Amino acid sequence: LSERKDRMLSLADFVIAVPGGLGTFEEMLEAMSRGQLGYHEKILGFLNTCGYYDNFMVMFRASVDEGFVREDFLERVVIGRTPEELLDKMAAAAEAAKARKTAKA
């Protein structure tokens, strides 16, 4: 299972979670953890159909507020209520990340 997730993450340009169960949560949290640890810089998107991820985002925001997740990591987490909105926001976040990286160089 770990090898499969490693391969998927290495091939992906973005990571997107659609409403799902424990497997979805586990895979997205692992992608988020790896991102925070510096293993990748991918944009992480949540398709928040009918508010499915609202409570998750409250918990995630609390982890930032309590200092368990870096504030700047939020720039890589995107949420959209429709596929179109999510993809547009993810593209904008990727462009912003690219601009920040260029400015640092």
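Model, not experiment: these values are computed from the prediction.

Draft legend 1. Fine view of the sheet that holds strand β3 (residues 77–80). Spatially, 3 strands are ordered β1-β2-β3 in an open sheet, and the strand pairing comes out parallel. With one partner strand each, in any of the chains shown, β1 (14–17) and β3 form the two edges of the open sheet. The mean angle between the axes of side-by-side strands here comes to 20 degrees, regardless of whether they run parallel or antiparallel. Examined bridge by bridge, strand β2 (residues 43–47) and β3 share 4 bridges and lie parallel to one another. Pairing of Phe 46 across the sheet is with Ile 79, part of β3. Contacts from helix α4 (residues 83–104) reach β1, β2 and β3 within the one sheet, and its direction differs from that of β2 by about 165 degrees.

Draft legend 2. How the structure looks around unusual backbone geometry. You will see that Cys 50, though not glycine, has its phi angle at about 55 degrees, which is positive. On the secondary structure map, Cys 50 appears in the loop between β2 and α3 (54–65).

Draft legend 3. View of the environment of Asp 65. Of note, Asp 65 is situated in helix α3. For Asp 65, a relative accessible area of 52% gives the class exposed. Sequence separation between Asp 65 and Glu 27 is 38 residues, and the spatial gap between their C-alpha atoms is 23 Å.

Draft legend 4. Seen up close, the packing of aromatic side chains. Counting across every chain of the model gives 6 aromatic pairs. Ring geometry for Phe 46 against Tyr 53: centres 5.0 Å apart, planes inclined by 70 degrees, an arrangement best described as edge-to-face. For the pair Phe 46 and Tyr 53, one class covers both residues: buried. Centroid distance Phe 46 to Phe 56: 5.3 Å. Interplanar angle 40 degrees. Geometry classified as tilted. With Phe 46 in strand β2 and Phe 56 in helix α3, the pair connects residues that are 10 residues apart, well separated along the chain. Here a set of aromatic residues connected by ring pairs shows up, and it is made of Phe 25, Phe 46, Tyr 52, Tyr 53 and Phe 56.

Draft legend 5. Molecular detail of the pattern of salt bridges. For the structure on display, the rule yields 12 salt bridges. Ionic pairing is found between Glu 26 and Lys 5, a salt bridge with its closest N-O pair at 2.6 Å. With Glu 26 in helix α2 (residues 22–36) and Lys 5 in helix α1 (residues 2–11), this pair connects stretches of sequence that are 21 residues apart. Overall, the relative accessible area of 34% leaves Glu 26 in the partly exposed class. When salt bridges that share partners are traced, they join Lys 5, Asp 6, Glu 26, Glu 30 and Arg 34 into one network.

Draft legend 6. View of the pairing of β2. With 5 of 5 residues buried, β2 lies mostly within the body of the structure. Taking the sense of rotation as the criterion, the β-α-β connection linking β1, α2 and β2 turns out right-handed. Viewed along the sheet, the connection from β2 through α3 into β3 turns out right-handed.

Cut-offs applied
Residues numbered from 1 in each chain as written. Predicted model: local features only at pLDDT ≥ 70, side-chain atom pairs only at ≥ 80, totals over all residues. Heavy atoms only, no water. Pairing = 2+ DSSP bridges. Helix = DSSP H or I, 4+ residues; strand = E, 2+ residues; numbered from the N terminus. Axes fitted to C-alpha atoms, helices over the stretch in contact; angles between N-to-C directions. Contact = heavy atoms within 4.5 Å. Buried < 20%, exposed > 50% of the residue type's maximum accessible area, 1.4 Å probe, protein only. Phe/Tyr/Trp six-rings, centres within 6.5 Å; stacked < 30°, edge-to-face > 60°. Salt bridge = Lys/Arg side-chain N within 4 Å of Asp/Glu carboxyl O. Right-handed = clockwise from strand over helix to strand, strands pointing away.

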